[in-house]
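Listed below, chain by chain, are the residues.
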Amino acid sequence: MGLLRAAGVVYKPVEQLDLGPDSNEIYVEADIKAPRMGGLLAKIFAWILESRIFGALAFYILKRLNRVHKFISNATVEEPPMFVPLHPYVDLDEQEVIEIDSDASPAERVQQAMNCLPLTSENSLDAFKFSCFRRWTIADYSRAYRNGEITPLKVAERFIYAVHESSSRPLSIAFFINYDAEDILRQATESTLRYERGAPISALDGVPIAVKDEIDCSPYPTTGGTKWLHKVRPCTGDACCVARLRSCGAILVGKTNMHELGATPSGINPHYGPPRNPYDPSRISGGSSSGSAAVVCAGLCPAALGVDGGGSVRMPASLSGVVGFKPTFGRIPHSGVLPLNWTVGMVGVLAGTLEDAFIVYAAISGHLPSHEPTTLPPKIHFPLLNSTNPISNIKLAIYGEWFNDCNEEIRLRCSNAVQLLCERYNWKTVEVTIPELEVMRLAHYVTIGSECSTALSSHLENLGRSEFGWDARVVVDIYGAFNSNEYIKAQKLRYRHMQIHNKIFAKADVIVTPTTGMTAYSISKNALKTGELDYVNGGTIIRYQIAGNFLGLPAITVPVGYDKAGLPIGLQFIGKPWSEPTLMHLAFAMQVPTV
């Protein structure tokens, strides 16, 4: 198809880019050329892509229309490739933090995290009986257990009943792919006995924690949202992050629902049902950690684990009105997680409050197993959230055209939230330009697609595609159409964008954006059995997520309000490598009510 070859961009050196507010670098909006497809249309599209006659032509047209050829395939990029976003550890000299012993056990780290939290009032169960809906925090569970007001066993029994009720017709919420009542009760009984002896392991002892079905957790199979992956890749034990939670006494309550293979941001799974948004069950909860977001939003668990390969923790957290936290690449062990996206995905935390996200993070962070790639072991610092001295002189980088590329209600809520922070703490905003964001999105898509396709290649040879839902089948077909030239170009662009972001972080402490470009959209009936392909809405939801994954940067989303339909809106902070304490300080400040 040489005659139809699309011209490629020639990227000028990063040193020549103007990243200031008056830059002439143009903000390129996403221009996604793909109709929404579900039901029969999704099936027809899959058949076209898999056709020997029409498939190659369809892939060529899709790449050209969506500017993959222009920005990736035929582009000229002088930077060297960067294959893994590993950051050398730099002591950032962050404010109001404490260094943690790297040899501390998970339970000891949890206790140190608890020591960093402000004191809260000792509310009894009676204080909650007649109030409106309120999520229990980890501190609430721990306090009630210590005071003998309730036991882990009683909590487990109520949890099992609630999950059963929510899974019943006429409208199943579909929180879980798998949960085992007998195993939950066994863990709860052991925890109850520890409290009776006056010897709980940690503040997490007896606290229900859910796990995305992309992470190994005994005794459950790890399906990745499929009907087949657990048959060819058996789960032989706990992932490292799950083992650390278990060692703290947490009750692992099951494997949460997710989009099949984490394929799109909707979270709709045709095999196990769509995890519905508790704010409005007719709408998505977001993906791919959809079940984890929904179960925390509904108050069944104070926290859950997710995996974030393209915003898959932060997007559902924002759409479901909870906190979503993705640390720096390499901060949390990845062993025992499905190997679907080696260099862009990592374990993250969804929680009802920043404090709960912090406590779970404290338990699962730490040294990586020796077989995982790393630089020098990074130091671990915790934020002193109980400090009477708020952090000062914080600079928040805002790229105005990008920040405002969302619906009006989100723009207003997020702008007001940033203004409130700056007024309350005397922080400053810094206007910047972050060029080539659409290029970075496409380079990330090529990367995650190539890695997922490679991970599944041997299984596809044996299984074919008949075991897939139709939406995941199309996505896997598209993933397999990327070639080595495009993958290498994408990694060159990764290095390029790392340099761009380093220059931004020389001007500011964090980058602040809305978390998503829209609030949760409605679930279509024709998506229930086939899944759906909605790249336009998907592109709007994922608009602010890519740097966290492609560049391995830490990021956090915190709720800042609702739209007119009562749907949650989130604000995101993207930090420098290893700046988790500063991000938690910012998110905690955002949680503090106005006096």
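Residues numbered from 1 in each chain as written. Predicted model: local features only at pLDDT ≥ 70, side-chain atom pairs only at ≥ 80, totals over all residues. Heavy atoms only, no water.

Caption draft 1: Expanded view of the sheet that holds strand 10 (residues 346–351). Read across the sheet, eleven strands follow the order 3-5-4-8-10-9-16-17-14-12-13 without closing on themselves; strand pairing throughout is mixed. What marks the edges here is a single partner per strand, and that holds for strand 3 (176–178) and strand 13 (428–431). Geometrically, the sheet is characterised by an average inter-axis angle of 35 degrees between neighbouring strands, direction not taken into account. With seven bridges connecting them, strand 16 (residues 555–562) and strand 17 (residues 568–575) associate as antiparallel partners. Residue pairing across strands places G561 opposite I569, the latter belonging to strand 17. (Pairing = 2+ DSSP bridges. Helix = DSSP H or I, 4+ residues; strand = E, 2+ residues; numbered from the N terminus. Axes fitted to C-alpha atoms, helices over the stretch in contact; angles between N-to-C directions.)

Caption draft 2: Layout of a nonpolar patch on the surface. Taken together, the side chains of L40, I44, W47, I48, I53 and F54 present a nonpolar region at the surface, about 630 Å² in accessible area. Along the chain, L40 falls in helix 1 (residues 40–49). Of the residues examined, L40 reaches a relative accessible area of 57% and is grouped as exposed. (Patch = residues over 30% accessible without salt bridge, like charges linked within 9 Å, V, L, I, M, F, W, Y side chains within 5 Å. Areas by Shrake-Rupley, 256 points an atom, 1.4 Å probe, with all protein chains shown as cover. Salt bridge = Lys/Arg side-chain N within 4 Å of Asp/Glu carboxyl O. Buried < 20%, exposed > 50% of the residue type's maximum accessible area, 1.4 Å probe, protein only.)

Caption draft 3: The arrangement of unusual backbone geometry in detail. With an omega of 10 degrees, the peptide bond between S218 and P219 qualifies as cis. With respect to the helices and strands, P219 occurs in the loop between strand 4 (208–212) and helix 9 (229–232). For R67, which is not glycine, the phi dihedral falls at a positive 65 degrees. Following the sequence through the fold, R67 ends up in the loop between helix 2 (55–65) and helix 3 (68–73). Unusually for a residue other than glycine, A174 sits at a positive phi of about 60 degrees.

Caption draft 4: Layout of the nonpolar core. Formed by 157 residues in total, the largest nonpolar core has its most connected members in L204, I215, L245, I364 and F573. Apart from residues lying up to four places away in sequence, F573 is in contact with L396, L421, V510, I511, V512, P554, A555, I556, V558, L583, L586 and A587. If you look at the next biggest cluster of nonpolar residues, it comprises 26 residues, including F45, A58, V475 and V476. (Core = buried A, V, L, I, M, F, W, Y, C linked by side-chain atoms within 4.5 Å. Contact = heavy atoms within 4.5 Å.)

Caption draft 5: Geometry of the packing of aromatic side chains. The tally for this structure, following the rule as stated, stands at 17 aromatic pairs. Both rings, one in Y279 and one in Y562, keep their centres 5.7 Å apart while their planes meet at 50 degrees; by these two values the pair is tilted. With Y279 in the loop between strand 6 (276–277) and strand 7 (280–284) and Y562 in strand 16, this residue pair connects regions lying 283 residues apart in the sequence. The partly exposed category is assigned to Y279, whose relative accessible area is 31%. Taken together through their ring pairs, the aromatic side chains of W136, Y141, Y145 and Y195 make up a single cluster. (Phe/Tyr/Trp six-rings, centres within 6.5 Å; stacked < 30°, edge-to-face > 60°.)

Caption draft 6: Main features of the pairing of strand 16. In terms of burial, strand 16 is largely enclosed, as six of its eight residues are buried. Pairing of strand 9 (residues 323–326) with strand 16, which is carried by three bridges, proceeds in the antiparallel orientation. Looking across to strand 16, one finds that F325 is bridged to I556. Turn length for the strand 16-strand 17 hairpin, with the two strands adjacent in sequence and antiparallel, is five residues, and the turn residue G566 shows positive phi of about 80 degrees.

Caption draft 7: Summary view of the packing of helix 4 (residues 106–115) against helix 13 (residues 354–364). Where helix 4 meets helix 13, the axes come as close as 7 Å, and the angle between the chain directions of the two elements is 150 degrees. Here helix 4 lies roughly antiparallel to helix 13, going by the angle between them. When you trace helix 4 past helix 13, the crossing you get is right-handed. In this structure, helix 4 uses P106, R109, V110, A113 and M114 to contact helix 13, whose residues at the interface are F358, I359, A362 and A363. A per-class count over the contact of helix 4 with helix 13 returns eight nonpolar, no polar and one charged. (Parallel < 35°, antiparallel > 145°, perpendicular 65-115°, else oblique. Left-handed = near helix turned anticlockwise from the far one by under 90°. Nonpolar A, V, L, I, M, F, W, Y, C, P; charged D, E, K, R; others polar.)

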